Amino acid sequence: MPADVPDRLDKAQSFYGRAIAKFGLLSFLSLGVSLAGGTAFAQTTGEGASPTTGASGGISAPASNAASDPVIGARQGRVSAVQDPGPYFSAPMGADHFFGDWGGIQPWLLDHGIHLLASINEEFFGNFTGGKQRAYSDAGQVGLELDVDWERLAGLRNFWTHMLVVNGHGQNVSRNFGDSIAGVQEIYGARGNVVAHLVSMYGERSFLHNRVDLSVGVMPVGSFFMASPLFCDFINVAICGNPAPNKYTPGNRDWPSANIGAVLRVMPTNESYIMAGIFAVSPHAFNGGISGWALAQDGLGKLSTPIELGWTPSFGKSKLIGHYKLGYSYDNSQYPNLYEDKYGNSYLRSGLAARKEAGMNSMWLLADQMLIRNGEGQSNGLVALAGAMYDDGKTVAMRDHEWAGIIETGKPWGRPLDTVGAMYQHFDMSHSVTLQQESAQELGLPFPSNQWGQVWGVQSHENTYELFYSAHVGRAMALEPDFQYIQRPGASTVFHDAAVLGVQFTVVL
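In this text the structure is predicted, and so the values were computed from the model without any measurement.

## Thoughts on the overall build of the protein chain
Argument step 1. From N to C terminus, the protein chain includes seven helices and 17 strands.
Argument step 2. Across the 509 residues of the protein chain, 62% fall into the buried class.
Argument step 3. Look at the contacts in the protein chain between residues 6 or more apart in sequence, and 72% of them connect residues 24 or more apart.
Argument step 4. Of the roughly 17600 Å² of accessible surface on the protein chain, a fraction of 63% belongs to carbon and sulfur atoms.

## Notes on the environment of Asn374
Argument step 1. Note that Asn374 resides in the loop between β11 (354-373) and β12 (381-391).
Argument step 2. With 37 residues separating them along the chain, Asn374 and Lys411 place their C-alpha atoms 6.5 Å apart.
Argument step 3. In this structure the side chain of Asn374 is engaged in a polar contact, spanning 2.8 Å, whose partner is the side chain of Glu408.

## Observations concerning the packing of aromatic side chains
Argument step 1. Counting across every chain of the model gives eleven aromatic pairs.
Argument step 2. For the pair Trp456 and Phe495, a centre-to-centre distance of 5.6 Å together with 65° between the ring planes defines the contact as edge-to-face. Of this pair, Trp456 sits in the loop between α7 (431-443) and β15 (461-474) while Phe495 sits in the loop between β16 (477-487) and β17 (498-508); the two residues are 39 residues apart in sequence, bridging distant segments of the chain.
Argument step 3. Its relative accessible area of 31% is what places Trp456 among the partly exposed residues.

## Digging into α7
Argument step 1. Between its first and last C-alpha, α7 extends 18 Å over 13 residues, near the 18 Å set by a 1.5 Å rise per residue.
Argument step 2. Listing the buried residues of α7 in full gives Ser432, Val433, Thr434, Gln436, Gln437, Ser439 and Ala440.
Argument step 3. Looking at the buried side of α7, the elements it contacts are β10 (320-341), α6 (347-350) and β14 (419-429).
Argument step 4. Trailing α7 by a residue or two, Gly444 shows a phi angle of about 70°, which is positive.

## Considering the nonpolar core
Argument step 1. Phe225, Phe234, Val263, Leu385 and Trp403 are the most contacted members of the largest nonpolar core, which has 26 residues in total.
Argument step 2. At the level of secondary structure, the elements contributing two or more residues to this core comprise β6 (259-269), β7 (272-280), β11, β12 and β13 (398-409).

## So, the side chain of Gln436
Argument step 1. For Gln436, the location among the structural elements is in helix α7.
Argument step 2. By relative accessible area, Gln436 is classed as buried at 4%.
Argument step 3. At a separation of 2.8 Å, a polar atom in the side chain of Gln436 contacts the main-chain carbonyl oxygen of Leu338.
Argument step 4. Non-local contacts of Gln436, meaning those with residues more than four positions away in its chain, are made with Leu338, Tyr339, Tyr347, Leu348 and Pro448.

## Section: empty space enclosed by the protein
Argument step 1. This structure, assessed with the given rule, holds four cavities of 30 Å³ or more.
Argument step 2. Its volume calculated, the largest cavity comes out at about 140 Å³.
Argument step 3. What lines the largest cavity is a set of 17 residues, and nearest its centre among them are Ala258, Asn259, Ile260, Asn287 and Gly288.
Argument step 4. Grouping the constituent residues of the lining of the largest cavity by class yields ten nonpolar, seven polar and no charged.

## Focus: the pairing of strand β3 (residues 159-170)
Argument step 1. Relative to β3, strand β2 (residues 135-149) runs antiparallel, the two being bridged by eleven bridges. Following the sheet pairing, Gly140 is matched in β3 by His169.
Argument step 2. Two elements, β3 and strand β4 (residues 197-207), share eight bridges in a ladder whose sense is antiparallel. Bridging across to β4, Met163 finds its partner in Met201.

## Details of a nonpolar patch on the surface
Argument step 1. Residues Ile274, Ile307, Leu309, Leu326, Tyr328, Met363, Leu365 and Tyr390 make up a contiguous nonpolar surface patch of about 690 Å² in total accessible area.
Argument step 2. If you list the elements that add at least two residues to the nonpolar patch, you get β8 (303-311), β10 and β11.
Argument step 3. With respect to the helices and strands, Ile307 occurs in strand β8.
Argument step 4. Ile307 gets classed as partly exposed once you look at its relative accessible area, which sits at 36%.

## Quick word on the environment of Val194
Argument step 1. On the secondary structure map, Val194 appears in the loop between α5 (173-176) and β4.
Argument step 2. Sequence separation between Val194 and Val166 is 28 residues; the distance between their C-alpha atoms is 9.2 Å.
Argument step 3. For Val194, the contacting residues outside a window of four places in its chain are Asn167 and Ser291.

Reading guide: rules and limits
- Residues numbered from 1 in each chain as written.
- Predicted model: local features only at pLDDT ≥ 70, side-chain atom pairs only at ≥ 80, totals over all residues.
- Heavy atoms only, no water.
- Helix = DSSP H or I, 4+ residues; strand = E, 2+ residues; numbered from the N terminus.
- Buried < 20%, exposed > 50% of the residue type's maximum accessible area, 1.4 Å probe, protein only.
- Contact = heavy atoms within 4.5 Å.
- Areas by Shrake-Rupley, 256 points an atom, 1.4 Å probe, with all protein chains shown as cover.
- Polar contact = N/O pair within 3.5 Å; in protein donor to acceptor, adjacent residues only side chain to side chain.
- Phe/Tyr/Trp six-rings, centres within 6.5 Å; stacked < 30°, edge-to-face > 60°.
- Expected span 1.5 Å × (residues − 1).
- Core = buried A, V, L, I, M, F, W, Y, C linked by side-chain atoms within 4.5 Å.
- 1 Å grid on protein atoms, 1.4 Å probe; cavity = no way out; pocket = protein on both sides within 12 Å on 5 of 7 lines; lining within 4 Å.
- Points joined across faces, edges and corners; volume = space filled by probe spheres on them.
- Nonpolar A, V, L, I, M, F, W, Y, C, P; charged D, E, K, R; others polar.
- Pairing = 2+ DSSP bridges.
- Patch = residues over 30% accessible without salt bridge, like charges linked within 9 Å, V, L, I, M, F, W, Y side chains within 5 Å.
- Salt bridge = Lys/Arg side-chain N within 4 Å of Asp/Glu carboxyl O.

This is the structure in structure tokens:
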């Protein structure tokens, strides 16, 4: 069983599926297989799959469980004495759709290796106390996705292609009440005011009995690295579908932005992998332009090179699954120091240009562990998760981010398709950006904006708390009430703590 594939059979849904559904995402032509250490698609069975769990951005996936896919399971029968973890491709939501089998179209498509999916996501949130002002906002997304197994379609063994296109609307209410650090809605921004925003487009090929997997094309870095299929059970964008701060840096974009590049994953054992990538770094505010389709952007000469080690053990008779990841990324671009000029003084005070820093480093540690099993599958039970991410504070306004949470499926109270969870997140802004803002304040200048947008006061740290209950309300449909409490909105003391209520609706058509 490949390392990173959460398979929630008796929830009739996949973690990755909801990333796609949650993100509203789903795009057009999503072909593919995915790389193993990142998020994962998992096959689903049964009537009424609920898109109530998610992963990183809704793109690639590490291998599927052969037990959950009769087509894949049959293929494994021809493998030789070499242990085969199974192919990395698996459809995000199986055959579960709100409109059933589409009048017989879906079974025919699946039989030919074509996994077509459409999804709608709407999120309505508002703060009822605290912040700059009382505000509310709706944000949503629609899209199409198509995963193609070219062995089934044309006899090309172990080859898949992947493409995603989305359309989004609305804005994150957090910006209205003064917080740009941890947006309470994950559906907003970076999609551009276009009908179809390109999220990903790449091919994938596996080798050596699926022990080696190569993906090449246009891919969100965060959908492969620093990813967990548990993150998009939560709605706060600082954790769903990939944790801050890395996804806000040019060399490690996450969904719905992407970088041109390649990812290679090797599985020495069924419970371990090493994954490395190389990606072109775009110096523009939008990778691929505002629509994502401008692939031939100028200035793509610099590279980011992430690497990740993963271990996915299972413990005891109940096979309590865990996922443990350690990673590092280096971007060889030059970036301006947030505070210093070439002499080490405040560039705002001296009037000189900010000093250029060679390279940008980032590191991360992710872990989740099932504590109690409620049924079959790698995620059906009580699961604890935690992690930390660090970025170079001289050039990135957020230095580090830590989080801890817990998730439980609803089988113990007779609602096996439901999910409940809680999470705490802590964000430290960098010392350099604090010095920059203090300098601006002393000089009577406006605070410079940074990767997180507008700044309202001198920033230091912020905490968020989130509690949700995702209820399966119909076939492939979920309704998720969500409460979030934000301490120090905008990572400063300018505004009072904000309490936010919202609801998310997702459906796979």
